[in-house]
Amino acid sequence: MPQIIDNPDGSKTFAVNSSELRVLGDRLVQQVPDVKKMLQFIDLPEVRLTLDFIKSVVD
C-alpha cells in the first residue's frame, strides 16, 4: 500500500513498492494506450540527444 511519510523537515515523501508501481503502470497503459508508444519514442537515442540539447539551451 502506498505511504505518505512526514519528514522531520516538514516535507512529505510518497513511497510505493515495485509491485504497486507495476500495477499503476499497467492501468495507465490500459487507460491511455498511446502512453506506451510515447515512452518508447522518448527512449530512442536520437530523441534523448535532442532533448538533452534543448535542455542545455534552456538551462
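Up top is the structure these notes are about.
Everything quoted here is computed from the prediction, not taken from an experiment.

### A word on a nonpolar patch on the surface
Here is step 1 of the chain: Side chains of Met38, Leu39, Phe41, Ile42, Leu44, Leu51, Phe53, Ile54, Val57 and Val58 sit close together on the surface and give an oily, nonpolar patch of about 970 Å² of accessible area.
Here is step 2 of the chain: Among the secondary structure elements, those contributing two or more residues to the nonpolar patch are α2 (34-42) and α3 (45-58).
Here is step 3 of the chain: Ranked by residue count, the leading element in the nonpolar patch is α3, at five residues.
Here is step 4 of the chain: You can see Leu39 is positioned in helix α2.

### Some points on α3
Here is step 1 of the chain: Between its terminal C-alpha atoms α3 stretches 20 Å, which fits the 20 Å expected from 14 residues at 1.5 Å a residue.
Here is step 2 of the chain: Counted residue by residue, α3 has one buried out of 14 residues, so it is predominantly exposed.

### Side note on the side chain of Glu20
Here is step 1 of the chain: Along the chain, the position of Glu20 falls in helix α1 (residues 18-31).
Here is step 2 of the chain: Each residue touching Glu20, except ones within four places of it in the same chain, is listed here: Met1 and Pro2.

### Description of the pattern of salt bridges
Here is step 1 of the chain: Counted according to the given criterion, the structure contains two salt bridges.
Here is step 2 of the chain: A salt bridge links Lys12 to Asp6, with the nearest nitrogen and oxygen atoms 2.4 Å apart. Side by side, Lys12 and Asp6 carry an identical accessibility label, which is exposed.

### Quick notes on the pairing of strand β2 (residues 12-15)
Here is step 1 of the chain: Here strand β1 (residues 3-6) runs beside β2; their pairing, made up of four bridges, is antiparallel. By the bridge assignment for β2, Gln3 is matched with Ala15.
Here is step 2 of the chain: Where β1 hands over to β2, the hairpin turn is made up of five residues, of which Gly10 adopts a positive phi near 95 degrees.

### Comments concerning the environment of Arg27
Here is step 1 of the chain: Along the chain, Arg27 falls in helix α1.
Here is step 2 of the chain: Sequence separation of Arg27 and Asp59 is 32 residues, and the distance between their C-alpha atoms is 34 Å.

The rules we used
- Residues numbered from 1 in each chain as written.
- Predicted model: local features only at pLDDT ≥ 70, side-chain atom pairs only at ≥ 80, totals over all residues.
- Heavy atoms only, no water.
- Patch = residues over 30% accessible without salt bridge, like charges linked within 9 Å, V, L, I, M, F, W, Y side chains within 5 Å.
- Areas by Shrake-Rupley, 256 points an atom, 1.4 Å probe, with all protein chains shown as cover.
- Salt bridge = Lys/Arg side-chain N within 4 Å of Asp/Glu carboxyl O.
- Helix = DSSP H or I, 4+ residues; strand = E, 2+ residues; numbered from the N terminus.
- Expected span 1.5 Å × (residues − 1).
- Buried < 20%, exposed > 50% of the residue type's maximum accessible area, 1.4 Å probe, protein only.
- Contact = heavy atoms within 4.5 Å.
- Pairing = 2+ DSSP bridges.

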